[in-house]
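Letter by letter, the chains look like this.
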Amino acid sequence: NAGVTQTPKFRVLKTGQSMTLLCAQDMNHEYMYWYRQDPGMGLRLIHYSVGEGTTAKGEVPDGYNVSRLKKQNFLLGLESAAPSQTSVYFCASSSRRADTGELFFGEGSRLTVL
Amino acid sequence: GENVEQHPSTLSVQEGDSAVIKCTYSDSASNYFPWYKQELGKRPQLIIDIRSNVGEKKDQRIAVTLNKTAKHFSLHITETQPEDSAVYFCAASITGSARQLTFGSGTQLTVLP
């Protein structure tokens, strides 16, 4: 099992460019999430999904869009990148089972916007 | 929404000593409190969690305590070892909220040999 896989691992963008981060999980989890991690601010939830075809806003959704066309994939898009979006992005997945609350994270994607 | 505050932001201890990290939360409806460990350059990983119907939980050298009345919970690491050096995050969520975790800002723990 690969767990949660993110691509790409590193990316440099210029202001105004667009890009998509791909997250794939092979654990058949219902829930998937995108977090961003900035120094001194912990992990902040951008968007999440409770199942195929559904998405919802988290704490910091502005400037991002997401899609979950397949249960195993969760895409995060930046339509017009800004320097404030320079961050490390983590995808995570979780089972819907009530007896577990664990989030399984990917390795992270470091994005720099110049 | 939920707000989780975590202290201290950095903590240095001598190998073999104990370490304590504290968190407070604002939403009294929160009932699930996990702790994640993130080693340098790695992904966060769950180390222990506690639900609101339990006051304390232990797993070998790690324990978590919860005080629902005061809305705070703490991570205790005993007999610290160099491999305990990492950033630790507390978090809170409400059961049924699709596991929307609100994280604290993290504590950099350094265990000095």
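Just so it is clear, the model here is predicted, and its values are computed rather than measured. (Residues numbered from 1 in each chain as written. Chains lettered and ligands numbered in written order. Predicted model: local features only at pLDDT ≥ 70, side-chain atom pairs only at ≥ 80, totals over all residues. Heavy atoms only, no water.)

Peer 1: Would you mind showing me how to read the overall build of chain B here?
Peer 2: Each helix and strand counted, chain B has zero helices and 11 strands in total. In terms of overall dimensions, chain B is globule-like: its C-alpha atoms have a radius of gyration of 13 Å, near the 13 Å expected for 113 residues. Structurally, chain B occupies a C-alpha span of about 40 × 30 × 20 Å along its principal axes. Across the 113 residues in chain B, those meeting the buried criterion constitute 44%. Approximately 5500 Å² of chain B is accessible, and the part contributed by carbon and sulfur atoms is 47%. Taking the 11 positively charged and 12 negatively charged side chains of chain B as two groups, their mean positions are separated by 7 Å. (Helix = DSSP H or I, 4+ residues; strand = E, 2+ residues; numbered from the N terminus. Rg over C-alpha atoms; globule rule 2.2 N^0.38 Å. Buried < 20%, exposed > 50% of the residue type's maximum accessible area, 1.4 Å probe, protein only. Areas by Shrake-Rupley, 256 points an atom, 1.4 Å probe, with all protein chains shown as cover. Lys, Arg positive; Asp, Glu negative; His and termini not counted. Charge placed at Lys NZ, Arg CZ, Asp CG, Glu CD.)

Peer 1: Can you walk me through the interface of chain A and chain B in this structure?
Peer 2: Accessible area lost when the parts come together is the quantity often used to give the size of an interface. Taken together, the 26 residues of chain A in the interface contact 16 residues of chain B. Interface area for chain A against chain B, summed over the two sides, is near 1700 Å², with a carbon-plus-sulfur share of 53%. A per-residue breakdown of the area chain A buries against chain B is headed by Leu43, Gly101 and Phe105 of chain A, which together make up 28% of the total. Arg43 of chain B is the salt-bridge partner of Glu107 of chain A, the closest N and O atoms lying 3.4 Å from each other. Counting the contacts that link chain A with chain B gives six residue pairs in polar contact (both at pLDDT 80 or more). It is strand E4 (residues 31-37) of chain A that provides the largest number of residues to the side of chain A that touches chain B, a total of four residues. In terms of residue class, the side of chain A that touches chain B is built from 13 nonpolar, eight polar and five charged. (Contact = heavy atoms within 4.5 Å. Buried area = accessible area lost by both parts, 1.4 Å probe. Salt bridge = Lys/Arg side-chain N within 4 Å of Asp/Glu carboxyl O. Polar contact = N/O pair within 3.5 Å; in protein donor to acceptor, adjacent residues only side chain to side chain. Nonpolar A, V, L, I, M, F, W, Y, C, P; charged D, E, K, R; others polar.)

So yeah, pure geometry; function would need other evidence.
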